[in-house]
Amino acid sequence: MKTKNLLFLALAFFCFSFMANAQRGARIGYIDMEYILENVPEYRESQTQLDGKVQRWKQDLEKKQNEIDQMKLDLSNERVLLTKELIEEREEEIKIKEDEAIKYQQDRFGPNGDLMIQRRQLVQPIQDQVFNIVQEIAEAKKYDFIFDKSADIVMLFAAERNDISDQVLRSINRAAKRTEATNKKEKREIEAREELSEEEEEAVTEREKAVEDKKNEREALMAERKRIRDSIREVKKREFEERRQRLLDERQARKDSIAQARGNNGNPPNAGEGEGEGEGEGEGNGGNNQGKLEE
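Rules and cut-offs
- Residues numbered from 1 in each chain as written.
- Predicted model: local features only at pLDDT ≥ 70, side-chain atom pairs only at ≥ 80, totals over all residues.
- Heavy atoms only, no water.
- Helix = DSSP H or I, 4+ residues; strand = E, 2+ residues; numbered from the N terminus.
- Buried < 20%, exposed > 50% of the residue type's maximum accessible area, 1.4 Å probe, protein only.
- Contact = heavy atoms within 4.5 Å.
- Axes fitted to C-alpha atoms, helices over the stretch in contact; angles between N-to-C directions.
- Parallel < 35°, antiparallel > 145°, perpendicular 65-115°, else oblique.
- Left-handed = near helix turned anticlockwise from the far one by under 90°.
- Nonpolar A, V, L, I, M, F, W, Y, C, P; charged D, E, K, R; others polar.
- Patch = residues over 30% accessible without salt bridge, like charges linked within 9 Å, V, L, I, M, F, W, Y side chains within 5 Å.
- Areas by Shrake-Rupley, 256 points an atom, 1.4 Å probe, with all protein chains shown as cover.
- Salt bridge = Lys/Arg side-chain N within 4 Å of Asp/Glu carboxyl O.
- Lys, Arg positive; Asp, Glu negative; His and termini not counted.
- Charge placed at Lys NZ, Arg CZ, Asp CG, Glu CD.
- Phe/Tyr/Trp six-rings, centres within 6.5 Å; stacked < 30°, edge-to-face > 60°.
- Core = buried A, V, L, I, M, F, W, Y, C linked by side-chain atoms within 4.5 Å.
- pLDDT = per-residue confidence, 0-100.
- Expected span 1.5 Å × (residues − 1).
- Bend = angle between axes of the 7 residues up to and from the residue.

### What to know about the overall build of the chain
Point 1. Looking only at helices and strands, the chain features 9 helices and 2 strands.
Point 2. Ordered by position from the N terminus, the helices and strands of the chain form the series α-β-α-α-α-α-β-α-α-α-α.
Point 3. Evaluated residue by residue, the chain yields a buried proportion of 18% over its 295 residues.
Point 4. Taking the intrachain contacts of the chain between residues at least 6 apart in sequence as the baseline, contacts between residues at least 24 apart amount to 80%.

Pasting the structure below:
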């Protein structure tokens, strides 16, 4: 009887806990990554530097395009004065310049260009930091879901009380201040470790090793991506150079052929043949004259 009562109480307690959690509902929060990035000083400084590079790249591209436009204008004005071969030569030069401009644009602003790569390198460390902080906040404050407002998720309404962006920013700023005091922190860590027990020392070492392994893994992944990207660029560059050299060789061959044809058409008659005929006639006449004298 006593055992049945205990089982009944345990079952009742379980049901009560389940109903309480169901009534509580899911706790949801969100962050605004764009807002966070705009308020991180390191990101703003790096973004300013990147904007300067982008401006220089755009100026270089504009300069290349202006050069192409000028070449096209010159060809249009001089077309009536040029032979067909010269027109084709100028058009090939323009085509080569256009290919160079397109390649430069892809290398700088394409999907795998320098701009996208450097933006990812700029944002990735802060995104990793935000992710870790969000994990800590979610565990500490029992959040069930935390979304990114600036991502592709469509949020028709979001109450401001659920925005934890400022909490994340405060954590990032505290981490930055701790980084500024690296020397003091390292000194305190050394002093604290001297007081740790062997088990605590092993636990700290394991955590540091896990962080270091994650960092090395990320660096290895970035290095592999860079290697693949460089190999693809090298292949494209080699193909472009081969095509350019082939066009130049074909153009030179046509020029040589035209020069040879013009040279053959403009040669004077064979001087040797004329001299031979003259000598033969002279000798013949001389013989006849001599015969007359003997008679």
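### A look at the packing of helix α3 (residues 41–78) against helix α4 (residues 84–109)
Point 1. Interhelical geometry of α3 versus α4 gives an angle of 165° and a closest axis separation of 10 Å. Classified by the interaxial angle, the pair formed by α3 and α4 is roughly antiparallel. Helix-helix and strand crossings are classified by hand; for α3 and α4 the assignment is left-handed.
Point 2. When grouped by side-chain class, the residues that make up the contact of α3 with α4 number 10 nonpolar, 1 polar and 13 charged.

### Some words on a positive patch on the surface
Point 1. Judged by side-chain charge, R27, K141, R170, R174 and R178 come together as a positively charged surface patch.
Point 2. For the positive patch, the leading source of residues is helix α6 (residues 165–180), giving 3 residues.
Point 3. Assignment of secondary structure puts R174 in helix α6.
Point 4. The partly exposed category is assigned to R174, whose relative accessible area is 45%.

### Digging into the packing of aromatic side chains
Point 1. Under the definition given, this model contains 2 aromatic pairs.
Point 2. Here W57 and F109 contribute two aromatic rings whose centre-to-centre distance is 6.2 Å and whose plane-to-plane angle is 80°, an arrangement assigned as edge-to-face. Within this pair, whereas W57 is found in helix α3, its partner F109 is found in helix α4, the two being separated by 52 residues in sequence.
Point 3. Taken together, a centroid distance of 6.3 Å and an interplanar angle of 10° make the contact between F145 and F147 stacked.

### Structural notes on the nonpolar core
Point 1. Within the largest apolar cluster, 25 residues are counted, with the highest numbers of intra-cluster contacts made by I31, I36, V40, Y43, V130, V168 and I172.
Point 2. Taken together, the elements giving at least two residues each to this core come down to α2 (33–38), α3, α5 (114–141) and α6.
Point 3. Setting aside its immediate chain neighbours within four residues, I36 contacts I31, V130, S165, V168, L169 and I172.
Point 4. Core analysis: the next-biggest nonpolar cluster, separate from the first, contains 5 residues, I68, M71, L75 and I94 among them.

### Brief notes about the pattern of salt bridges
Point 1. Evaluation of the coordinates by the stated rule reveals 15 salt bridges.
Point 2. Across the pair E98 and K72 runs a salt bridge whose closest N-O atoms are separated by 2.8 Å. Placement of the pair is E98 in helix α4 and K72 in helix α3, with a sequence separation of 26 residues.
Point 3. Judged by relative accessible area, K72 falls into the partly exposed class, the value being 39%.
Point 4. Through salt bridges that share partners, K95, D99 and R243 make up one connected network.

### A closer look at the confidence of the model for the chain
One rule of thumb: low pLDDT means the predicted coordinates there are not for detailed reading.
Point 1. Confidence along the chain averages 76 in pLDDT terms, with 70% of residues attaining 70 or more.
Point 2. Helix α9 (residues 271–294) is the least confidently modelled element of the chain, averaging 43 in pLDDT, while α4 averages 93, the highest of any element.
Point 3. Counted against residues more than four places away or in other chains, residues 1–23, with its pLDDT under 50, gives 0 contacts.
Point 4. Between residues 269–295, whose pLDDT stays under 50, and residues either more than four places distant or in other chains, the model counts 0 contacts.

### Side note on α5
Point 1. Its 28 residues give α5 an end-to-end C-alpha distance of 40 Å, which sits within 8% of 40 Å, the value for a rise of 1.5 Å per residue.
Point 2. Of all the bends in α5, the greatest, near 30°, is centred on Q124, and the proline P125 appears no more than four residues after it.
Point 3. One or two steps after α5, the chain reaches K142, where phi turns positive at roughly 60°.

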